[in-house]
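Structural characterization, general
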Amino acid sequence: MDKEMHHNPFQGEKVAARYDQWYETPLGALADRYEKALIHRLARPRAGERALDVGTGTGHFALDLAKHGLKVTACDSSEPMLKVAGAKDASVTWRRCEAESLPFADGVFDLVVSVTMLEFVSDPTRAVAEMYRVAAPEGRVIVGVLNARSPWAATYRQQQEGPFRHAHFYTAEEFLDLLGTHGPVRWSSAVFFGPSGRGMCVAPLLERLGQIFCRGRGALLVGRIDK
């Protein structure tokens, strides 16, 4: 999950060094699987496209897009996070910048992606406007945020340390209002099992039923705006 903020909790070397350990746990790996499945379903990435990952963190989602043959640029405001990301794959272009002021021309990316970044920026409205600005005509913007109504958000709120205690979590209504200023939003959510791991054994069923009957309850809300 990728980040940045006015009080940036991802500037520390220790946070950056430990961040990817989450994906190596059984719980993190399963959550990642369903998050990526939803992101890909909405984004429809195609090999050869120009993609931008905003708030890339350690590059987790940027690298996934690169593996699918996209030409990826990834940016973040945290130098320690970018240092970890840059050691992984030289095919991605890594840039340090703020989400509210992207150093790219209008309309240059076919696909703009941002996953768990808006929770940490000082001006999310401006950040979304910037992502929309750099998307190409007929391009699309895919945004993922942590759901305020998910038990995952409740767990993060209780943390005494770690970057997510600084996060602003979004309800589905707040999220759709934020994206909807730029046009109709297609959206759903992912990860309907809890942070304790309860429900992991029936995760495929929970994901199918959740996205049909209670899409506003998954841990990660994901929306798409077409330009």
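Structure first, text after, so check above.
This text gives an overview of the structure that appears in the document. Values in this document were obtained by computation on a predicted structure and should not be read as measured data. (Residues numbered from 1 in each chain as written. Predicted model: local features only at pLDDT ≥ 70, side-chain atom pairs only at ≥ 80, totals over all residues. Heavy atoms only, no water.)

1. Focus on the packing of helix α2 (residues 26–43) against helix α8 (residues 203–213)
The N-to-C vectors of α2 and α8 enclose an angle of 40 degrees; their axes lie 12 Å apart at closest approach. When the interaxial angle is binned, α2 and α8 end up oblique. Of the two elements, α2 crosses α8, and the hand of that crossing is right-handed. Residues Leu-30, Tyr-34 and Arg-41 of α2 form the contact with α8, whose participating residues are Ala-203, Pro-204, Glu-207 and Gln-211. Its residues placed into classes, the contact of α2 with α8 shows four nonpolar, one polar and two charged. (Axes fitted to C-alpha atoms, helices over the stretch in contact; angles between N-to-C directions. Helix = DSSP H or I, 4+ residues; strand = E, 2+ residues; numbered from the N terminus. Parallel < 35°, antiparallel > 145°, perpendicular 65-115°, else oblique. Left-handed = near helix turned anticlockwise from the far one by under 90°. Contact = heavy atoms within 4.5 Å. Nonpolar A, V, L, I, M, F, W, Y, C, P; charged D, E, K, R; others polar.)

2. A look at the sheet that holds strand β3 (residues 93–96)
Strand order in the open sheet formed by seven strands is β3-β2-β1-β4-β5-β7-β6, and the pairing between neighbours is mixed. Among the strands making up the open sheet, the edge pair consists of β3 and β6 (185–190). Direction aside, neighbouring strands of the sheet carry axes that sit 15 degrees apart on average. Alignment of strand β5 (residues 135–146) against strand β7 (residues 220–226), held across seven bridges, turns out to be antiparallel. Counterpart to Ile-142 in the pairing with β7 is Arg-224. (Pairing = 2+ DSSP bridges.)

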